[in-house]
Amino acid sequence: MRRFWQRGKDEDYVNAGEAAAAAAEPYGPLPVPDPAAAAFFDVDNTMMRGASIYYFARGLASRKHLTMRDLAMFAWGQAAFRLRGTENAEHIGSAKEAALAFVAGQKVSDLVQMCEEIYDEVMADRIWHGTRTLALQHLDAGQQVWLVTATPVEVARTIAHRLGLTGALGTVAETKDGVYTGRLVGNLLHGPAKSEAVRALAVREGLDLSRCSAYSDSLNDLPMLTAVGNPHAVNPDAGLREHAKDNDWPIHDFRTGRKVTMVALPAAAGAGALAGGVAAGIALRKHYRT
């Protein structure tokens, strides 16, 4: 199996991780009873059903910040994500790059407001309640709980705040004088970059990683999962499920009737990738509404 988190010549995992940790802002007072322990949760298909960047793109499209062609790209990637139960690094990477590129020249405050509105509109009802319960158990034990995701940090922070978690580590877009430049700081917070972010945050917060926990659905997050003492698989893809079984990691699966929810999508061949992507997105939305 190809592991998409293997190091590529153009990826800067360390800078991406350090940038994410530097931008991490706790939401409210930190828990006191167990200050050396924390839990780290992936977002897409772990904390939330589907890809958060797709829902963010839908919100942007409804506000005329993205074209139908842009949305089709997100929809097609989301459809593939649903059917496989795992992410494709090329689809997810392209989607996140596009989402960050559009903000060039926009005010940070404006994007933060949009993130909050879009979460309430299309993300709130897609949170896995079982995963949130796991997160709340860590909070109840007096431990910090951080989201760790390749999604833009503004989106990740909004999700964390709405769920009452400590904060979020996400992909950081460069800003100058409160305006986005259209460039990333480091790279996408994906694969090994997540483990770098977790380690950098642990240094800043005085965490003992051997006492920390991490939760993810994807084998791509193996670097983050193995960076802590208590790794967990949540709604795992085939690769992670096998690895978790081999290493006696806890497995949590909150998907019900998974085979039933896999809808038959129209083929893009003959109609073009654009039409196929839009059709895929529409089919999925109709299915989950019913």
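Model, not experiment: these values are computed from the prediction.

> How should I be thinking about the pairing of strand β5 (residues 179-184) in this particular structure?
Two faces, one strand: in a regular strand the side chains alternate between the faces of the sheet. As judged from the three bridges shared by strand β4 (residues 173-176) and β5, these two strands associate in the antiparallel manner. Directly across from Lys176, in β5, lies its bridge partner Val179. From the end of β4 to the start of β5, which pair antiparallel, there are two residues, and Asp177 there has a positive phi angle of about 55°.

> What am I meant to see in the pairing of strand β6 (residues 213-216) here?
The alternating pattern of β6 places Ser213 and Tyr215 and Ala214 and Ser216 on opposite faces, both of which are buried. Note: strand β1 (residues 38-41) against β6, three bridges, orientation parallel. Within β6, the residue paired with Phe41 across the bridge is Tyr215. Of the pairings in the sheet, the one linking β6 to strand β7 (residues 230-234) comprises four bridges and is parallel in character. Looking across to β7, one finds that Ser213 is bridged to Asn230.

> Explain the pattern of salt bridges here, please?
Two side chains of opposite charge can pair, provided their charged atoms sit close to one another. Tallying each qualifying case throughout the model produces nine salt bridges. Taking the shortest distance from any N to any O, the salt bridge between Arg211 and Asp34 comes out at 3.0 Å. You can see Arg211 sitting in the loop between α8 (192-205) and β6 and its partner Asp34 sitting in the loop between α1 (13-23) and β1, a full 177 residues away along the chain. Using a relative accessible area of 38% as the deciding quantity, one classes Arg211 as partly exposed. With a closest N to O distance of 2.8 Å, Asp42 and Lys194 form a salt bridge. Taken together, the residues Asp42 in the loop between β1 and α2 (52-62) and Lys194 in helix α8 connect sequence positions 152 residues apart. The two residues Asp42 and Lys194 agree in class, both being buried. What emerges from the salt-bridge pattern is a single network uniting Asp42, Lys194 and Asp221.

> Sorry if this is basic, but what is going on with the sheet that holds strand β8 (residues 251-252) here?
The strands that make up a sheet pair up through hydrogen bonds in the backbone, lying either parallel or antiparallel. Taken together, the six strands give an open sheet; going across it, the order is β3-β2-β1-β6-β7-β8, and neighbouring strands pair in parallel fashion. Lying at the two open borders of the sheet, with one neighbouring strand each, are β3 (167-171) and β8. Here β1 runs beside strand β2 (residues 144-152); their pairing, made up of four bridges, is parallel. Each bridged residue has a counterpart across the sheet, and for Ala38 the counterpart in β2 is Gln144. Against the sheet, helix α7 (residues 153-163) touches β2 and β3, its axis set at about 145° to β2.

About the thresholds
- Residues numbered from 1 in each chain as written.
- Predicted model: local features only at pLDDT ≥ 70, side-chain atom pairs only at ≥ 80, totals over all residues.
- Heavy atoms only, no water.
- Pairing = 2+ DSSP bridges.
- Helix = DSSP H or I, 4+ residues; strand = E, 2+ residues; numbered from the N terminus.
- Buried < 20%, exposed > 50% of the residue type's maximum accessible area, 1.4 Å probe, protein only.
- Salt bridge = Lys/Arg side-chain N within 4 Å of Asp/Glu carboxyl O.
- Contact = heavy atoms within 4.5 Å.
- Axes fitted to C-alpha atoms, helices over the stretch in contact; angles between N-to-C directions.

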